[in-house]
Amino acid sequence: MKKTVSLFGEAKSKNEKITMVTAYDYTSARLVDLSGVDVILVGDSLGNVMLGYQNVLPVTIGDMIHHGKAVVKGAHEAFVVIDMPFMSYQISPEQALENAGKIIKETNGNAIKLEGGKNVCPQVKAIVNAGIPVIGHLGLTPQSFNALGGYKVQGKQVQAATNLVNDALALQAAGVCAIVLECVPSKLAGLITQVVDVATIGIGAGSDCDGQVLVFQDLLGLNLNHTPKFVKKYANLAQDVQDALGNYCQDVRNQEFPSAPYEYAIKDEIIEELRMIIEKKEPDNDSN
Ligand code: KIV
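One structure accompanies this document, and this report is about it. (Residues numbered from 1 in each chain as written. Predicted model: local features only at pLDDT ≥ 70, side-chain atom pairs only at ≥ 80, totals over all residues. Heavy atoms only, no water.)

What to know about the overall build of the protein
Keep this limit in mind: Numbering goes from the N terminus for both helices and strands, where a helix is a DSSP run of H or I of at least four residues and a strand is a run of E of at least two. In this setup the radius of gyration rests on C-alpha atoms only. A globule is expected at 2.2 Å times the number of residues raised to 0.38. Exposed residues in this analysis have more than 50% of their type's maximum accessible area, buried residues have under 20%, and partly exposed residues fall in between, with area computed by a 1.4 Å probe over protein chains only. Here, two residues are considered to be in contact whenever any of their heavy atoms come within 4.5 Å of each other. Note on charges: Lys and Arg go in the positive column, Asp and Glu in the negative column, and His and the chain ends are not counted at all. Note that the charge is assigned to NZ on lysines, CZ on arginines, CG on aspartates and CD on glutamates.
A count of helices and strands for the protein gives 12 helices and eight strands. Over its C-alpha atoms the protein spans a radius of gyration of 25 Å, topping by over 25% the 19 Å that the globule rule assigns to 288 residues. Counting only C-alpha atoms, the protein reaches 90 × 40 × 40 Å along its principal axes. The burial tally for the protein puts 45% of its 288 residues in the buried class. Once local pairs closer than 6 in sequence are excluded, the contacts in the protein between residues at least 24 apart make up 57%. One finds the centroid of the 24 positive side-chain charges in the protein at a distance of 10 Å from the centroid of its 32 negative side-chain charges.

Okay, structure coming up:
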């Protein structure tokens, strides 16, 4: 059965952990969906892992819609959240609402996610009022990595930690259904999880959050670039894929692939007849 936005509140009240994994295309979405993951996030991390950018800033609404559409087709049961990319919501609540509406209309996704705290609450209210569930994102917000001075753990000092708690409360008051906490000390994430009524989803934020999210490529060991400390690799698919591709190249070069089980047969007499037809055929241009 297709999961709905109520999963966040229900899981939090029953103390059941929420599972979230990113996906960016139909095949990965089918695999994530079949594994029973609750929520698929079409993250703007697709800029890094799918499009090869250094950071998420160049990702466009068109990119999110293109990948979001494919994921929604593969997500039969999982709830699908689509990230709003950099500068698609920061300008005004009107801009945010227009772009959130476009993303949901064109992808048929179930919710959007955007980064920020108090500063984006007018945007959150406008989108929620239009009937679109919104997930907040606090802590290390990759769209602000320039302002944050890089990819660093957030909220380590009293003022920064207090700001995070206040931002979480402000997002809750604005109507978010959940909050992603990225790269936040575990005890602070645990405290925020106690303070807010909405579900928290951690990434590099310890086990006390109401749920966890990881990037598909990181979790499966497919990412050839740097993987952060908080990533647990549940497979080493990069090696498996390279081994498989190497074996394929070897088989093709040694003419061991394709072999009989992978070929289509035809009767010998048909080939014989064809040969006779070809041999009898006059060349089209016999002037030479
Ligand atoms: O874009 C993304 O993948 C994310 C997760 C890291 C939470 O926002």
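Quick look at the nonpolar core
Here is a general trend for soluble globular proteins: nonpolar side chains tend to be buried in one another's company. We apply this condition: Buried Ala, Val, Leu, Ile, Met, Phe, Trp, Tyr and Cys residues that are joined via side-chain atoms within 4.5 Å together make up what is termed a nonpolar core.
Judged by nonpolar contacts, the single largest core of 58 residues is most densely connected at Ile112, Leu114, Ile127 and Leu181. The element contributing the most residues to this core is helix α8 (residues 158-174), with seven residues. When near neighbours in sequence (up to four residues on either side) are disregarded, Leu114 contacts Met84, Tyr89, Val120, Val124, Ile127, Val134, Ile135, Gly136 and His137. Met20, Leu41, Val180 and Val213 belong to the second largest nonpolar core, which has 18 residues in total.

Thoughts on the site of the ligand
Rule in force here: Throughout this document, a residue counts as near a molecule or strand when at least one of its heavy atoms sits within 4 Å of that molecule or strand. Pairs of N or O atoms are called polar contacts if they sit within 3.5 Å, as long as, within protein, a hydrogen donor faces a hydrogen acceptor (for residues adjacent in sequence, only side-chain-to-side-chain pairs). Here, Shrake-Rupley sampling with a 1.4 Å probe gives the accessible areas, and only protein chains in the shown set may cover a residue. Only Asp, Glu, Lys and Arg are considered charged in this grouping, and only Ala, Val, Leu, Ile, Met, Phe, Trp, Tyr, Cys and Pro are considered nonpolar; every other residue, Gly among them, is considered polar.
In the vicinity of the ligand, the residues found are Thr22, Leu41, Gly43, Asp44, Ser45, Asp83, Lys113, His137, Val180, Glu182, Ile203 and Val215. In the model, an oxygen atom of the ligand is placed 2.5 Å from a nitrogen or oxygen of the Ser45 side chain. Separating an oxygen atom of the ligand from a side-chain N or O atom of Asp83 is a distance of 3.2 Å. Calculation on the ligand without its partners gives an accessible area of 260 Å², and the protein chains cover 95% of this total. Residues belonging to the shell around the ligand are distributed by class as follows: four nonpolar, four polar and four charged.

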